[in-house]
Protein chains: 2
Amino acid sequence: MSDEYGSKRTGVSVTQATLDIVGIGNAIVDVIAQSDDAFLASHALSKGAMQLVDAETAELIYGEMGPGLEVSGGSAANTLAGMAALGMKCGFIGQVCDDQLGAVFAHDIRALGIHYATPASNGGVPTARCLILVTPDAQRTMNTFLGASQFLPASALDPQLIASARVLYLEGYLWDPEEPRKAMRSAIDMARNAGREVAFTLSDNFCIARHRDDFMALIDNGKIDILFANEGEIKSLNETDNFEAAVAATAGKVGTLIVTRSEKGAIAIQKGMRYEVAAEPVPQVVDTTGAGDLFAAGFLAGHLSGQTVEESLSMGAVAAAEVISHYGARPEADLKQLMAKRLGK
Amino acid sequence: MSDEYGSKRTGVSVTQATLDIVGIGNAIVDVIAQSDDAFLASHALSKGAMQLVDAETAELIYGEMGPGLEVSGGSAANTLAGMAALGMKCGFIGQVCDDQLGAVFAHDIRALGIHYATPASNGGVPTARCLILVTPDAQRTMNTFLGASQFLPASALDPQLIASARVLYLEGYLWDPEEPRKAMRSAIDMARNAGREVAFTLSDNFCIARHRDDFMALIDNGKIDILFANEGEIKSLNETDNFEAAVAATAGKVGTLIVTRSEKGAIAIQKGMRYEVAAEPVPQVVDTTGAGDLFAAGFLAGHLSGQTVEESLSMGAVAAAEVISHYGARPEADLKQLMAKRLGK
């Protein structure tokens, strides 16, 4: 087994993989409300981005925003929701508080058949929530109060669970809070020692700005097998406005690089080969929350079920198209049926 | 002022009305999940109906149902949400607990500009929730845990608030729990003494079966000016399978009777005249939760803004069509814009 750039590992592991994927992420309930540009401007919110807010700011924004719709979220958890819907065996690690929203999160993820056994905290810090303002252009602007999620202890990582999954999936957002960041590093080592693949999503431009050195080190040290980014993120990571230069700079350092490009579709670079998929058409884009998460779900489900890169990209595009056609970042339609109908698989 | 059947009251009141409507209802957060007929059958749930469940049964059903989407609900509260969106000045009375779902309910109703000042209880009984199972035919089957809502004390009724609104709106569901039932009777007297109109919705067949005598007495004693029912409810109220006979039996006892008939539209009977409206077409019926509530919203908004009965029925049809085209019982589209587009008003 080698940790060099883009190296193909043997996949030999001491235990047989019983799960397809285990994801570690923030355990968040989304609170989605319609908004307008004036509201974003008056609260100095950067459209399309995610900002971390403290309890007080969350209360302030919540008090002034419109009526909400609560639905379980969290980037990695959304990806697992999509993968579970596609028949993958999934596990999730992330911390909620022992409160009503924590119960909602735990119910929803277990109802999808996802293994979830992280104990709820009861330290008085409530379950994380993300106040998502959706503007008429379907863009989402996120204000995350990390709550109990930011105190995910390294002890919550179950080495056996991580070793039991073919892929470890991590969200960049977890680099923001200190304890999960440490836990992530241990998790990566656990997975690699067990001969598993590590997939990582860069999450957000501002998140990259906060943790560029860490993300670069992970990539440079060959810790990431599959990297997901969008156009803005891959450019931000490489501190360039030149998309192709950004892609070229990163592609050689990871096994597979996937870059989503909104209405322009997505590309994948693997072993020097470039693959492209067009965006799947949708009658109406309602809310882009979860688009990247569900693209990753479709792609990884394809990857893990032995589909080609092109087919996996198509599955990503179909899953992403479903989630942007309604409010909320988790699929409402039967994704399996949708794949059968759209892709004949 | 007279309390005889269908009598027109003078409308003279001691105070100037400052609100268009005040509604009293269960303060509920809906938990909406996709389901299938097999799930309903295996839990002995009657499709399309509302059943009351205790905490234990609610936990049991919740534990087995799919991932949910939480959104503020409650029949009367949904009606007010629609009316507020149509520019009506509204007030709501209903009790939540001082917990996370209670905070969600209170936020959402206030975010709509609805006056809501009922203190949250803190007696350990949590905020009411309604587990709504939506089958692929868009029918909803509701399992309501009344929680804090069922302990709405008569002291929560603000006589000045009730006297200040042109219409008092009540849901039949409130007859189930004892304390709100008593509170309702006081509220009706308060409204009538202030020369206000009383509007009432029959809510549900099973609810009528439990309280037929009480509902009949209210109607027979001329306490109801505007009565909302659907086809099943008006038949159940009159214990007949003959729709026309049921309508005829009740129409003369209330100022205005409105009966909604799903895809067949709706009728209104007022002073012996019968008015009809066709159902507003929708591209896809997703979830019928809130259809009756929003029909009432559109009708009452028309009534209170001086529209004719026909126009008010049309407004009801447009509002109901919006709410059945997505999950959740409160409007997502801009109802004012929708009315302008569909009805030129």
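Everything below is about the structure printed above this text.
Scoring rules and cut-offs
- Residues numbered from 1 in each chain as written.
- Chains lettered and ligands numbered in written order.
- Predicted model: local features only at pLDDT ≥ 70, side-chain atom pairs only at ≥ 80, totals over all residues.
- Helix = DSSP H or I, 4+ residues; strand = E, 2+ residues; numbered from the N terminus.
- Rg over C-alpha atoms; globule rule 2.2 N^0.38 Å.
- Buried ≥ 20, exposed ≤ 12 C-beta atoms within 10 Å, placed from the backbone.
- Contact = placed C-beta atoms within 7 Å.
- Core = buried A, V, L, I, M, F, W, Y, C linked by C-beta atoms within 7 Å.
- Least-squares fit on C-alpha atoms with pLDDT ≥ 70 in both.
- Pairing = 2+ DSSP bridges.
- Axes fitted to C-alpha atoms, helices over the stretch in contact; angles between N-to-C directions.
- Nonpolar A, V, L, I, M, F, W, Y, C, P; charged D, E, K, R; others polar.

Undergrad: Account for the overall build of chain A, naming residues and giving values.
TA: Each helix and strand in chain A was counted, giving 12 helices and 14 strands. In terms of C-alpha radius of gyration, chain A reaches 19 Å, essentially the compact-globule figure of 20 Å for 345 residues. With respect to the three principal axes, the spread of C-alpha positions in chain A is 55 × 40 × 40 Å. The buried share among the 345 residues of chain A stands at 57%. A fraction of 76% describes how many contacts in chain A between residues 6 or more apart in sequence connect residues 24 or more apart.

Undergrad: I'd like a description of the nonpolar core, backed by residues and values.
TA: Judged by nonpolar contacts, the single largest core of 239 residues is most densely connected at Ile21 and Leu168 of chain A together with Ile21 and Leu168 of chain B. Apart from residues no more than four positions distant in its own chain, Ile21 of chain B is found in contact with Leu80, Met83, Met88, Cys90, Ala165, Arg166, Val167, Tyr169, Leu300 and Leu304 of chain B.

Undergrad: Please provide a residue-by-residue account of the relation of the copies chain A and chain B, values included.
TA: Each copy of the chain is related to the other by a rotation around an axis and a translation along that axis. The two copies are related by a screw motion: chain A maps onto chain B through a turn of 180° and a shift of 0.0 Å along the axis, at an RMSD of 0.0 Å. Taken together, the turn and the small shift mark the pair as related by a two-fold rotation axis. Proximity to the rotation axis, assessed at the C-alpha, singles out Glu70 of chain A in chain A; its C-alpha lies 2.4 Å from the axis. Interface overlap between copies: 100% of the residues of chain A at the interface are likewise at the interface in chain B, consistent with a symmetric, same-surface contact.

Undergrad: I'd like a description of the sheet that holds strand β7 (residues 128-134) of chain A, backed by residues and values.
TA: Ordered by their spatial adjacency, 10 strands build an open sheet running β3(A)-β8(A)-β7(A)-β2(A)-β4(A)-β4(B)-β2(B)-β7(B)-β8(B)-β3(B), and the pairing between neighbours is mixed. Only two strands of the sheet have a single neighbouring strand rather than two, namely β3 (50-52) of chain A together with β3 (50-52) of chain B. Direction aside, neighbouring strands of the sheet carry axes that sit 20° apart on average. Where strand β2 (residues 28-34) of chain A and strand β4 (residues 69-72) of chain A come together, four bridges link them in antiparallel fashion.

Undergrad: Break down the interface of chain A and chain B for me, citing the residues and quoting the values.
TA: Taken together, the contact between chain A and chain B spans 19 residues of the former and 19 residues of the latter. Every element with two or more residues in the side of chain A that touches chain B is listed here: β4 and α4 (100-111) of chain A. Considering each element in turn, the side of chain A that touches chain B owes the most residues, six residues, to α4 of chain A. Of the residues that constitute the side of chain A that touches chain B, the class distribution is nine nonpolar, six polar and four charged. Pairing between β4 of chain A and strand β4 (residues 69-72) of chain B: three bridges, direction antiparallel. Counterpart to Val71 of chain A in the pairing with β4 of chain B is Leu69 of chain B.

Undergrad: Explain unusual backbone geometry to me, using residue names and the numbers behind them.
TA: One non-glycine residue, Ser262 of chain A, adopts positive backbone phi at about 50°. If you trace the backbone, Ser262 of chain A turns up in the loop between β12 (256-260) and β13 (266-270). Taking the C-beta count within 10 Å as the criterion, Ser262 of chain A has 16 such neighbours and is therefore assigned partly exposed. The backbone phi angle of Lys271 of chain B is positive, close to 45°, even though this residue is not glycine. Within the secondary structure, Lys271 of chain B sits in the loop between β13 (266-270) and β14 (273-277).

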